[in-house]
Amino acid sequence: MNVLVSIAEFLVNEILSVPAYLIGIITAVGLIALRKSVGQITGGALKAVLGFLLIGAGATLVSASLTPLGVMIQGALGAQGVVPTNEAIAGIAQEEFGAQVAWLMILGFVVAILLARFTPLRYVFLTGHHLLFMATLITVVMASAGMPTVVVVVLGAILLGILMVALPAFAQPWTRRITGDDSIAIGHFGTAGYIAAGTVGRLVDPKGRSRSTEDLKVPESLRFLRDSMVATALSMVLMYLVVAVVYLTRAGEATAFEAFEGGASDVGNYLMQSVTQGLQFGIAVAVILFGVRTILGELVPAFQGIAAKVVPGAIPALDAPIVFPYAQNAVLIGFLSSFAGGLIGLLVLGVWLGPVLGLALILPGLVPHFFTGGAAGVYGNATGGRRGAVAGGFVNGLLVTFLPALLLKVLGSFGSANTTFGDTDFGWFGILIGYSARTGVLPGIVLLAVIGLVLLGGAILMQRRVVDAGWDPSPARAAAGSGTTAAVADTDGAGGARETAGAARYPRVAPPVGAPTPPPPPAD
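Let me begin by describing the structure that accompanies this report.

## Quick notes on empty space enclosed by the protein
- A complete count under the given rule lists two cavities of 30 Å³ or more for this structure.
- If you add up the space inside the second largest cavity, you get close to 40 Å³.
- Lining the second largest cavity are Pro-84, Ile-362, Leu-363, Pro-364, Gly-365, Pro-368, His-369, Val-400, Thr-401 and Gly-422.
- Within the lining of the second largest cavity, the residues separate by chemical class into six nonpolar, four polar and no charged.

## Some remarks on the sheet that holds strand S1 (residues 123-125)
- A sheet is described by the order of its strands in space; here three strands give the open sequence S1-S3-S2, paired in parallel fashion. Both outer strands of the open sheet, S1 and strand S2 (185-186), are each paired with one neighbouring strand and no more.
- By the bridge criterion, three bridges tie S1 to strand S3 (residues 315-318) in an arrangement that is parallel. Note on S3: the bridge partner recorded for Tyr-123 is Ile-315.

## Focus: the layout of surface pockets
- Its volume calculated, the largest pocket comes out at about 980 Å³.
- In terms of lining, the largest pocket is formed by 38 residues, of which the most central are Ser-63, Glu-87, Val-367, Pro-368 and Phe-371.
- When residues of the lining of the largest pocket are traced back to their parent elements, those giving at least two are helix H2 (19-33), helix H3 (38-77), helix H4 (86-118), helix H5 (128-144) and helix H12 (366-407).
- A total of 14 residues in the lining of the largest pocket trace back to one element, the largest contributor, which is H3.
- The class makeup of the residues in the lining of the largest pocket is 21 nonpolar, 14 polar and three charged.

## Description of H12
- Here H12 is 42 residues long, yet its end C-alpha atoms lie only 19 Å apart, well below the 62 Å a rise of 1.5 Å per residue gives.
- The sharpest bend along H12 comes to roughly 145°, located at Gly-384.
- Burial of H12 is extensive: 32 of the 42 residues sit out of reach of the surface.

## Details of the packing of H4 against H5
- Packing of H4 against H5 leaves a shortest axis separation of 7 Å and a crossing angle of 100°. Overall, the two elements H4 and H5 adopt an arrangement that is roughly perpendicular. Of the residues in H5, those touching H4 at Asn-86, Glu-87, Ala-90, Ala-93, Gln-94, Phe-97, Gln-100, Val-101, Leu-104, Met-105 and Phe-109 are Gly-128, His-130, Leu-131, Leu-132, Phe-133, Ala-135, Thr-136, Ile-138, Thr-139, Val-140 and Ala-143.
- Class assignment for the residues of the contact of H4 with H5 results in 14 nonpolar, seven polar and one charged.

What counts, and where the lines are drawn
Residues numbered from 1 in each chain as written. Predicted model: local features only at pLDDT ≥ 70, side-chain atom pairs only at ≥ 80, totals over all residues. Heavy atoms only, no water. 1 Å grid on protein atoms, 1.4 Å probe; cavity = no way out; pocket = protein on both sides within 12 Å on 5 of 7 lines; lining within 4 Å. Points joined across faces, edges and corners; volume = space filled by probe spheres on them. Nonpolar A, V, L, I, M, F, W, Y, C, P; charged D, E, K, R; others polar. Pairing = 2+ DSSP bridges. Helix = DSSP H or I, 4+ residues; strand = E, 2+ residues; numbered from the N terminus. Expected span 1.5 Å × (residues − 1). Bend = angle between axes of the 7 residues up to and from the residue. Buried < 20%, exposed > 50% of the residue type's maximum accessible area, 1.4 Å probe, protein only. Axes fitted to C-alpha atoms, helices over the stretch in contact; angles between N-to-C directions. Parallel < 35°, antiparallel > 145°, perpendicular 65-115°, else oblique. Contact = heavy atoms within 4.5 Å.

And the structure:
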C-alpha cells in the first residue's frame, strides 16, 4: 500500500501537478497520433514544455514584483487579514491530506477523460496546478465535514472530473467571442469570474458602442504607450510610487524600507526600488505573453491527433493567460479594476459584512487579482469594450473578495491558517459542497451526487443548446462597426483566423499585432 501511495504521490507531485510536463506529454501523444517523426515529436513536446515554463517564469516574476507592493498596500491601509493564496493553502493541506489529494487528482483526471470521450463535453482540462488546487479544496472540505476517506477520494474524484469538463463548456460562448473559434477553451478555476465579466460587459454596453481597449488612441507624443509592455510597466511604476509614498508617510522610514528584500538605504533608494519593481512587472507580463504564443504554436496543432484517436473533437482547456494576447490593454485595465473591486470589498467586509456575519477581512492579493482580473478584463472587453473591461474586472474583484471570506467557514481547522483559496470557482464550489457535506455522511453523499449531476446535466444542456448553436453573448458589438471588432477572414493554412460553425455568425474581437493566430478547430 505504501508503494502505491508513493507512486501516486510521485505522479501527482512530480508530473501531473507540473503543467509543463503534463502539456509536454499531451503534445507528444498528439504528435504520435499524427504519425510525426521522432524528431518532430521530441521537438514539439520540448517546445510545449518550454512554453509553459516561460509562463511559469513570468508568473514567478509577477509574484516577486508584487510582493513588496502587497506589503506597502497592507501598511498603507492599516488592515490585517487573510491573503488568498492557492499555493500556500495547498501546501499546508498536503502535510495532512497528501495521499487523499494524490488519488483524488489521478482518478479525477481519468473521470474527466472518460466524460470528454463519451459526452458532448469534449474539453480536456490541461491546467495541472489548478487540478491540484481543486483536488486539495475538495479533500479539505469533505474531510473536515467528517466524510470517510473512501468517499472523499471516489466521490471527490467524480466531482473534480465533472468540473474539468463542465466549467469550460459554461464559459465557451464568451471564450469563443475572444478567440473567434472553438480551437481552445478556458481551463482555469476562475471561470465564474470570467462569465460574470462577460455578462456585465454586455449589460454596461448593450448597444455595442464602447470601443475596444485595443483601439485606445493616444497622441503622437504618447505613441510609445501602444507597446503593451511599455504601457504595463509605466502604469505599475506609477502605482508603485503612489503606494510607496503613502506607506512611507504612514509607517515611517524604518518600517517602510523593510518592504523590499534587503531593505532600502534611504528615501531615494526606496523610491528607485519601487520604480525597478514596476519595470520588472512589465518584463514579467512580456515573458508570459511570449510563453503563451509558444505553447499555442505547438499544443493546439498536436491536439488534432488526440481529437482523432482518443477524444474525437477534443478542445484543450488552458490556463487564464491563454487569453491575454488577444486584448493586452484589457489585461492591465482588468487587473487595476479587479484590485479596485478588492479594495471596495475589503471596505464592505470591514464595516458591514465582517461584523454582521463574523467574516475575516480578505486583503487584495495582487497575484490573483492580476491573473483572474486580467482575464476578466479580456472577457469584459469582448462583450462591452472599454466599459466592459472596467466593469468586468471590478465585478471579478468583488467575487474574489467575498467568496474566499465565506469559504473560510467550511475549511475546518484550515480556516484559521491566515490564507485560503482565492479564485472564484474554489469559492462557490467549496461553499456548496462544504455545507452539503456537513449534513451527515449519507445525506451528504446524496447532496454531493445531486450537485455533480446538476452540473454535468447543465453543462451538457449548455453545450447542445447554446455553444453548438453558436449563441453570441454580445450580438450588438458585431453590428456596431466602430473599430471594436473585425471580420473573421477565411484564410489558407498560413495564418489568419478561421470560421467555425459557431463563430461564423459574428466577428471576433480584433487581436493586437503579435497576438497568436487561432489554429483551425479540431476535426470531428
